[in-house]
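# Understanding the architecture of this molecule
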Amino acid sequence: MDPNFVSTIGQPNATSIIFFFVFITATLFITYWAAKKSRSPSQFYAAGRSVTGLQNGLALSGDYMSAASFLGIAGLVSLKGYDGLIYSIGFLVGWPIIMFLIAEPLRNLGKFTFADVVAYRLKQKPIRIAASLGSLMTVAFYLIAQMVGSGSLVMMIFGIPYEYAIVAVGLVMITYVLFGGMLATTWVQIIKAVLLLSGATVMVVFVLVHFGFSYGELFKQAAVKYGDAVLQPGGLVSNPWDAVSLGMALMFGTAGLPHILMRFYTVPDAKTARTSVFYATGFIGYFYILTFTIGFGAMVIVGQDVISGMDKGGNMAALLLAEATGGTMFLGFIAAVAFATILAVVAGLTLAGASTLSHDLYVNVFCTDGATEEQEVKVAKRATLALGVLAIVLGLAFKGQNVAFMVGLAFAIAASANFPALLLSILWRNFSTVGATASIYTGTILAVGLIVISPTIWMDVLHNPTAIFPLKNPAIISMTGAFIAGYLGSVLRPDPDASKKYEDQKIRNYLGVGAE
Amino acid sequence: MEHKHPGPKIDQALFHRLVVAKWKVSLTLAAIMMVVYYGFILVLAFDKELLSTKIGEHMTVGIPVGLFLIILAWLITGVYVFWANSSYDRAVQDVLKSMRRR
């Protein structure tokens, strides 16, 4: 590349500001349109169940492809080469699991949250309280990671202070969710997914033009410049237990993320739910192949020292590549897309948190003598506002902290607290109320407790010389523990009424009879 | 949760066959995905050299294998959708029809 290349990243960029305002204006118009349709709970949480398979597939991938996976994985590939691909694969393999095990039952048995499925034939109150703990913990840790990441990112891209960036992300996101509910959030996800996929595709075309449309040439130049090691697995996977544990967290955590699970209620039936997973898996897989190419392109065209000089983690690799191949115009476009990505993911998480607070806790625990639909929506909107403000406060409070472990923690809790209880309630006739609550609490406590005493926090954050728990990710213990607790609780404290209702549940689960 | 369906009489044999077929397909496909993925991870942990084997001047086996895993994850969901849209949905209709007849 041109040795005189000086990046303009960090200075306000006219194109990105224009694209950014076009995006905000368009999405606020959608919010205004959606606001009129978001009056009933089914409209607010589930977009009136009117989303098509392709739309939901895009929205699912929009919820899942965060700025962290776009910029983070491209950066990881640019600095470490092959190891970045291992991460991408881990993030993708959860989707077939969602498809085979939970997508259709979730759609047929539930209404607004995955707790609907777990509580279908069990005692409402204890299950709702336990499940909302699992949901809210997952959402909170994921949200903190996204907010802190987004603050630093927007600061670097647009050159505005961290605090302004956090408040701006928070306010725009609150507007989408508060007024437009799931319908507006869905369209924000769809637009963002299309922008992200097309932006990344254009960037890959630019990279391939540079190498005469030959991947062989791209890999060859990478190997010549940085050694054959970049095309080989490196140090990412060394301890097999650690690797399997991380693999379990990624694979089953995806199938326990509340903001992903709630998207299945936006489609009209199980058939559409299943089609949407097929689209989502395709889009996400394609996206990871693009980020792999972008990472190698950045490695060769921009160079590792420039990338790590701007950000040690490599987070700026994709943006530097955009600037090097497409100039400041293209950089502006990609920067605006990255910002749209952050907004969309944060909106999806906030909506999932708000639905747990209002639908699981308010309606089914505190107000069991019957909340009206208006009351439910009112509470959901207040919860949205509260969570939005909380997200801003947390984003400000964790400024400068290393929160990279929080996404791993969110996946570990999702895999341990949410997924085992969900799967057992679908598959096992004798799953009891005590079994379900035991499973959720055991999964949550083990996941959080073990990660605190693991190298990730005990050594890296608290600076102790050795860790009490040897693995970086607790899923292999916490998820297994949650299944064992679910089994023991159900055997020791059976629930004969619930077992009797299993036949009814099966008819609705497999035939869709009575599904809302 | 309300149980609003009208308590229809169901053809138990037909319904049982449907449920068994659904889990046979689902669990087989899930098992394939898990064996391939955890197999990949264990090879990474125990025999990294295998994936570093060169095919061509610089290219390693690991790259096509990695891309294959991504494409497999997508194709295998496609296999399920194809099966569910044809065989499973037809079986569901059969059970529903038998319920209406009774």
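An account of the accompanying structure is given in this report.

Rules used in this analysis
Residues numbered from 1 in each chain as written. Chains lettered and ligands numbered in written order. Predicted model: local features only at pLDDT ≥ 70, side-chain atom pairs only at ≥ 80, totals over all residues. Heavy atoms only, no water. Helix = DSSP H or I, 4+ residues; strand = E, 2+ residues; numbered from the N terminus. Rg over C-alpha atoms; globule rule 2.2 N^0.38 Å. Expected span 1.5 Å × (residues − 1). Bend = angle between axes of the 7 residues up to and from the residue. Buried < 20%, exposed > 50% of the residue type's maximum accessible area, 1.4 Å probe, protein only. Contact = heavy atoms within 4.5 Å. Buried area = accessible area lost by both parts, 1.4 Å probe. Salt bridge = Lys/Arg side-chain N within 4 Å of Asp/Glu carboxyl O. Polar contact = N/O pair within 3.5 Å; in protein donor to acceptor, adjacent residues only side chain to side chain. Nonpolar A, V, L, I, M, F, W, Y, C, P; charged D, E, K, R; others polar. Axes fitted to C-alpha atoms, helices over the stretch in contact; angles between N-to-C directions. Parallel < 35°, antiparallel > 145°, perpendicular 65-115°, else oblique. Left-handed = near helix turned anticlockwise from the far one by under 90°. Patch = residues over 30% accessible without salt bridge, like charges linked within 9 Å, V, L, I, M, F, W, Y side chains within 5 Å. Areas by Shrake-Rupley, 256 points an atom, 1.4 Å probe, with all protein chains shown as cover. Arc of directions from axis to C-beta.

## Topic: the overall build of chain B
Of the regular secondary structure elements, chain B holds three helices and zero strands. Taken from the N to the C terminus, the helices and strands of chain B come in the order α-α-α. The C-alpha radius of gyration computed for chain B amounts to 22 Å, which surpasses the reference 13 Å derived for 102 residues by more than 25%, pointing to a less compact arrangement than a globule. Considering only C-alpha atoms, chain B reaches an extent of 70 × 25 × 25 Å along its principal axes.

## Concerning helix α17 (residues 405-427) of chain A
Residues and elements named next belong to chain A. For α17, which comprises 23 residues, the first-to-last C-alpha distance of 32 Å matches the rise-based estimate of 33 Å (1.5 Å per residue) to within 8%. At Phe419, α17 is bent by approximately 35 degrees, the largest bend along its length, and proline Pro420 sits one to four residues beyond. Of all 23 residues that make up α17, 21 are buried, and the element is covered over most of its length.

## Describing the environment of A:Arg128
Residues and elements named next belong to chain A. Relative to the elements of secondary structure, Arg128 occurs in helix α8 (residues 124-158). Its relative accessible area of 1% is what places Arg128 among the buried residues. In this structure the C-alpha to C-alpha distance between Arg128 and Val363, which are 235 residues apart in sequence, comes to 10.0 Å.

## Some remarks on the interface of chain A and chain B
Contact with chain A, which involves 55 residues of that partner, is made by 54 residues of chain B. Around 5100 Å² of area is buried between chain A and chain B when both sides are counted, 75% of it from carbon and sulfur atoms. Together, A:Phe100, A:Tyr510 and A:Leu511 form the three largest contributors to the area buried by chain A at its contact with chain B, with a combined 15%. Where A:Glu104 meets B:Lys22, a salt bridge forms, and the shortest distance between an N and an O atom there is 3.2 Å. Linking chain A to chain B there are 15 residue pairs in polar contact (both at pLDDT 80 or more). Every element with two or more residues in the side of chain A that touches chain B is listed here: α5 (83-92), α6 (94-109), α8, α10 (215-226), α11 (240-254), α13 (270-302), α17 and α22 (502-511) of chain A. When residues in the side of chain A that touches chain B are grouped by element, the largest group, nine residues, is from α13(A). Split by residue class, the side of chain A that touches chain B holds 34 nonpolar, 10 polar and 11 charged.

## A short note on the packing of α17(A) against helix α20 (residues 475-492) of chain A
Residues and elements named next belong to chain A. Two elements in contact, α17 and α20, have axes whose closest approach is 8 Å; the angle formed by their N-to-C orientations is 40 degrees. Comparing their axes, α20 and α17 come out oblique. Along this stretch, α17 crosses α20, giving a crossing that reads as right-handed. Of the residues in α20, those touching α17 at Ala415, Ser416, Phe419, Pro420, Leu423 and Leu424 are Ser478, Met479, Ala482, Phe483 and Gly486. Among the residues making up the contact of α17 with α20, the classes are represented as eight nonpolar, three polar and no charged.

## What about unusual backbone geometry?
All names here are of chain A. Positive phi is not limited to glycine here, since Phe213 has a value of about 55 degrees. The topology assignment puts Phe213 in the loop between α9 (162-210) and α10. Residue Phe213 is classed as exposed on the basis of its relative accessible area of 56%.

## Let's talk about a nonpolar patch on the surface
On the surface, A:Ile484, A:Tyr487, A:Leu488, A:Val491 and A:Leu492 cluster together to form a nonpolar patch covering roughly 520 Å² of accessible area. Secondary-structure assignment places A:Tyr487 in helix α20.

## A look at the side chain of A:Ser150
Residues and elements named next belong to chain A. Secondary-structure assignment places Ser150 in helix α8. Side-chain polar atoms of Ser150 contact the backbone oxygen of Met147, separated by 2.7 Å. The residues contacting Ser150, other than those within four sequence positions of it, are Val169 and Ile342.

## Observations regarding helix α1 (residues 14-35) of chain A
Residue and element names in this part refer to chain A. Taking 1.5 Å as the rise per residue, α1 with 22 residues should run 32 Å; its terminal C-alpha atoms sit 31 Å apart, in good agreement. Those residues of α1 that fall on the buried side of the exposure criterion are Thr15, Ser16, Phe20, Phe23, Ile24, Thr27, Ile30, Thr31 and Ala34. Along the long axis of α1, the arc covered by the buried residues comes to 155 degrees, so they all point the same way. Exposed residues pointing more than 90 degrees away from the buried face of α1 are listed as Ala14, Ile18, Val22, Phe29 and Tyr32. In this fold, the buried residues of α1 make contact with α8, α9 and α15 (317-366).

## Structural notes on the environment of B:Phe40
For B:Phe40, the position within the fold is in helix α1 (residues 12-46). Placed 29 residues apart in sequence, B:Phe40 and B:Leu69 show a C-alpha to C-alpha distance of 8.9 Å. Setting aside residues up to four positions removed in sequence, B:Phe40 forms contacts with A:Tyr82, A:Ile86, A:Ile89, B:Leu51, B:Val65 and B:Leu69.

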